[in-house]
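These are the residues of each chain, in order.
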Amino acid sequence: MSLFRPEIDRIAGYVPGEQPQETGWTKLNTNENPYPPSPRVVEAIKQAAEGRLNVYPDPLARRFCQVAADRLGLDPDWILPANGSDENLTILVRSFVDPGETIAYPYPSYVLYETLADIQGAKIERMNLRPDWSWDHEAAAETVARSKLVFVPNPNSPSGNRWSDDDVLRLCPEAGMLVLDEAYGDFADEPHRGELLQSSVGDRLVVTRSFSKSFSLAGIRFGYAVAHPDLIRGMRKVKDSYNCDTVSIAAATAALEDFEGMRSNVERVRLTRARLATALAELGFDPVPSQSNFVWCTRPGGGHRELYEALKDRKILIRYMSFPGAGADTATTIDGLRITVGTDEQIDTFLDALRELV
Ligand SMILES: *Cc1c(COP(=O)(O)O)cnc(C)c1O
C-alpha cells in the first residue's frame, strides 16, 4: 500500500537531460552556455563566501531586485527572485491553480509544465502547434478560455522559434494568468524588455527569466519573475522563506551588473548558431531558424534516435526528443534532435562526427 497522494503515485516525475559528472564529454544537451560567467561573478561569490554565511540571507533578495528593476525601468516590487526559474514556475502553479483547474501550454514545448500540473492535481491541456511551429489560434482559443493558467515559453523549446507579441497576448485567459517563460529571451533578435507588462493584459501576466542560459549560471540556480506588484505580493506568500541563498544572490546580482559581458557571450553564441544551422542544412537536415541557444532539426529520412546513440558512443551528447500526440489530429509523433550551441570547437567536433554518420 502506498502512502503517497494518488497524483504522486500516478506520475513518472520529470526527467531532466543527462548530466554526466565525469569530464571528456562534448555536452550539447541541456542548453547551458559554453562560456564561463563574468569574472565579477566569481569575485562576488568569493566575497559572499568570506562574509556572513552563518546568518540567513535577505528573504526578499532586495539588492538583486533593485538592480533588476533599474534595468527594466520598474520598481523593485515588480521582481520575485527564485531558486532557478523552475522554482517560479512551481510558485505560479501553487499560487493560482486549484486542484481540478486547467493549465494549458503549447505542444511540443517544455514538458515540465505537465509535471507541475500533475503534482498540483490540476488538469493539463496541450495546445498542439502546427507543423511549422505556428499557432492554430482558433483551436487554442477554446482551450485558453477554460484555463486558469497558460504557460508559453518564448522563444520556444525544443523548436527555438519566437512568437510575436500579438501571438502570445492572444493566449491570455479572460479569467486566468498568462506566464511567459523567457528562459531564452536574451538570445532572440529582439529580446523583450518587459514592455508586455504594460499591455492591456498586464494585470494577468507574469514573465519569468533565468540565469542558467544567457548568464552562464546553470550551476548557481537563480531566476526571477517580473509582474505587477499585486501579483508579486501574493506569490511571495507561497515561496519558501529563504528561497535564494547568500551566494546565489551575490552571483546573480554581479552577473546582471555585467550585462555587457552577457551580451558579448550571447553574440558569440548567435554567430556559432548561424554556422551550425547552415552546416546542418548542408548535411540534409531541416533546422528550424532559432532565436535561442540551441537548434532543433529533423531529417527527411528520420533515424534521429540512432544518430543520437551513435554520437553518444563518441562521447558527444545532444538531445533526442520525441513528442507523441502532436499535430492537429493528436495522432502524430514529432521527433528530432536538439543541439545546444556550444563553442565553435565543440560544434566542429559534433559536425565532424555527424558528417561521418550521415
Ligand atoms: C532552462 C529552462 C527553464 C529553467 O531555468 P532554470 O532557471 O535553470 O530553472 C525554464 N523554462 C525553460 C523553457 C527552460 O528551457
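Residues numbered from 1 in each chain as written. Predicted model: local features only at pLDDT ≥ 70, side-chain atom pairs only at ≥ 80, totals over all residues. Heavy atoms only, no water.

Chemist: Would you mind showing me how to read the overall build of the protein chain here?
Modeler: Broken down by element type, the protein chain carries twelve helices and 13 strands. Scaling as 2.2 N^0.38, a compact globule of 358 residues should have a C-alpha radius of gyration of about 21 Å, and the protein chain matches this with 20 Å. Dimensions of the protein chain along its principal axes, counting C-alpha atoms only, are 55 × 50 × 50 Å. Out of the 358 residues in the protein chain, the part that is buried amounts to 53%. Put simply, of all contacts in the protein chain between residues at least 6 apart along the chain, 72% involve residues at least 24 apart. Split by element, the accessible area of the protein chain, about 16200 Å² in all, is 50% carbon and sulfur. Taken together, the 39 basic and 52 acidic charged side chains of the protein chain have centroids lying 3 Å from each other. (Helix = DSSP H or I, 4+ residues; strand = E, 2+ residues; numbered from the N terminus. Rg over C-alpha atoms; globule rule 2.2 N^0.38 Å. Buried < 20%, exposed > 50% of the residue type's maximum accessible area, 1.4 Å probe, protein only. Contact = heavy atoms within 4.5 Å. Areas by Shrake-Rupley, 256 points an atom, 1.4 Å probe, with all protein chains shown as cover. Lys, Arg positive; Asp, Glu negative; His and termini not counted. Charge placed at Lys NZ, Arg CZ, Asp CG, Glu CD.)

Chemist: Hey, could you run me through the packing of helix H3 (residues 62-72) against helix H9 (residues 246-257) in this one?
Modeler: The contact between H3 and H9 brings their axes to 9 Å, and the two run at 20°. Classed by the angle they form, the pair H3 and H9 counts as roughly parallel. Crossing of H3 over H9 shows left-handed handedness. Side by side, H3 and H9 meet where Arg 63, Phe 64, Val 67, Ala 68 and Arg 71 of the first sit next to Ile 249, Ala 250, Ala 252, Thr 253, Leu 256 and Glu 257 of the second. Taken together, the residues of the contact of H3 with H9 break down into seven nonpolar, one polar and three charged. (Axes fitted to C-alpha atoms, helices over the stretch in contact; angles between N-to-C directions. Parallel < 35°, antiparallel > 145°, perpendicular 65-115°, else oblique. Left-handed = near helix turned anticlockwise from the far one by under 90°. Nonpolar A, V, L, I, M, F, W, Y, C, P; charged D, E, K, R; others polar.)

Chemist: When you look at the site of the ligand in this model, what are you seeing that I'm missing?
Modeler: The full set of residues close to the ligand is Gly 84, Ser 85, Asp 86, Tyr 110, Asp 181, Ala 183, Tyr 184, Ser 210, Ser 212, Lys 213 and Arg 221. Take Tyr 184: an N or O atom from its side chain is 2.5 Å from an oxygen atom of the ligand. Note that an oxygen atom of the ligand is positioned 2.8 Å from one of the side-chain N or O atoms of Arg 221. Across the complex, the protein chains shield 92% of the 380 Å² of accessible surface that the ligand would expose by itself. Given that more than half its atoms are within 2 Å of the pocket grid, the ligand belongs to the largest pocket. When its residues are assigned to classes, the shell around the ligand shows three nonpolar, four polar and four charged. (Near = heavy atom within 4 Å. Polar contact = N/O pair within 3.5 Å; in protein donor to acceptor, adjacent residues only side chain to side chain. 1 Å grid on protein atoms, 1.4 Å probe; cavity = no way out; pocket = protein on both sides within 12 Å on 5 of 7 lines; lining within 4 Å. Sits in = over half its atoms within 2 Å of the grid points.)

Chemist: I'm lost on the state of the cysteines in this one. Help?
Modeler: Cysteine pairs can be linked by a disulfide, which is a covalent bond between their two sulfur atoms. This structure, assessed with the given rule, holds zero disulfides. Just so you know, Cys 65 is unpaired, no disulfide at all, and the nearest cysteine sulfur is the one on Cys 244, 8.6 Å from it. Cys 65 sits in the buried class, given a relative accessible area of 4%. (Disulfide = S-S within 2.5 Å.)

Chemist: Which parts of the structure should I look at to understand the layout of surface pockets?
Modeler: A probe matching the size of a water molecule, rolled over the atoms, marks out where space remains unfilled. By volume, the largest pocket is sized at about 870 Å³. Along the walls of the largest pocket sit 36 residues, with Tyr 14, Pro 16, Gly 17, Tyr 110 and Arg 319 positioned nearest its centre. Elements that contribute at least two residues to the lining of the largest pocket include exactly helix H4 (85-96) and strand S12 (319-326). Here the element with the most residues in the lining of the largest pocket is S12; it accounts for five residues. Of the residues assigned to the lining of the largest pocket, the class counts are 15 nonpolar, twelve polar and nine charged. Residue assignment places the lining of the largest pocket across two domains, with domain 1 (6-36 + 260-357) and domain 2 (39-258) each supplying three or more. (Points joined across faces, edges and corners; volume = space filled by probe spheres on them. Domains from an automatic or database assignment.)

Chemist: Looking at this structure, I do not really get the pattern of salt bridges. What am I missing?
Modeler: Tallied over the entire structure, the rule returns 18 salt bridges. The salt bridge partner of Arg 162 is Asp 165, with a shortest N-O separation of 3.9 Å. Overall, the relative accessible area of 25% leaves Arg 162 in the partly exposed class. For the salt bridge of Asp 203 with Arg 204, the shortest nitrogen-to-oxygen distance reads 3.8 Å. Residue class for Asp 203 comes out partly exposed when judged on its relative accessible area of 49%. What emerges from the salt-bridge pattern is a single network uniting Asp 189, Glu 267 and Arg 270. (Salt bridge = Lys/Arg side-chain N within 4 Å of Asp/Glu carboxyl O.)

Chemist: In this structure, what is going on with the environment of Glu 190? I would like to understand it.
Modeler: Within the element layout of this structure, Glu 190 appears in the loop between strand S6 (177-181) and strand S7 (205-210). For Glu 190, a relative accessible area of 60% translates into the label exposed. A C-alpha to C-alpha distance of 25 Å links Glu 190 and Arg 221, two positions 31 residues apart in sequence.

Chemist: What's the story with the packing of aromatic side chains in this structure? I'm lost.
Modeler: Aromatic rings in a pair are described by how distant their centres are and how their planes are angled relative to each other. This structure, assessed with the given rule, holds 19 aromatic pairs. Here Tyr 56 and Tyr 242 contribute two aromatic rings whose centre-to-centre distance is 4.2 Å and whose plane-to-plane angle is 10°, an arrangement assigned as stacked. Of the two residues, Tyr 56 sits in the loop between helix H2 (39-50) and H3 while Tyr 242 sits in the loop between helix H8 (229-238) and H9, which places them 186 residues apart along the sequence. Residue Tyr 242 is classed as partly exposed on the basis of its relative accessible area, which comes to 38%. An angle of 80° between the planes, with centres 5.7 Å apart, marks the rings of Tyr 107 and Phe 323 as edge-to-face. Of this pair, Tyr 107 sits in strand S3 (residues 102-107) while Phe 323 sits in strand S12; the two residues are 216 residues apart in sequence, bridging distant segments of the chain. Of the residues examined, Phe 323 reaches a relative accessible area of 3% and is grouped as buried. Members of the aromatic cluster, connected to one another through ring pairs, are Tyr 14, Tyr 105, Tyr 107, Tyr 110, Tyr 113, Trp 133, Phe 151, Trp 296 and Phe 323. When the ring centre of Phe 259 is taken as origin, the NZ or CZ atom of Arg 71, which lies over that ring, is 3.7 Å away. Looking at Arg 268, its charged tip hangs above the ring of Tyr 35, at a distance of 3.7 Å from the centre. (Phe/Tyr/Trp six-rings, centres within 6.5 Å; stacked < 30°, edge-to-face > 60°. Lys NZ or Arg CZ within 6 Å of the ring centre and 35° of its normal.)

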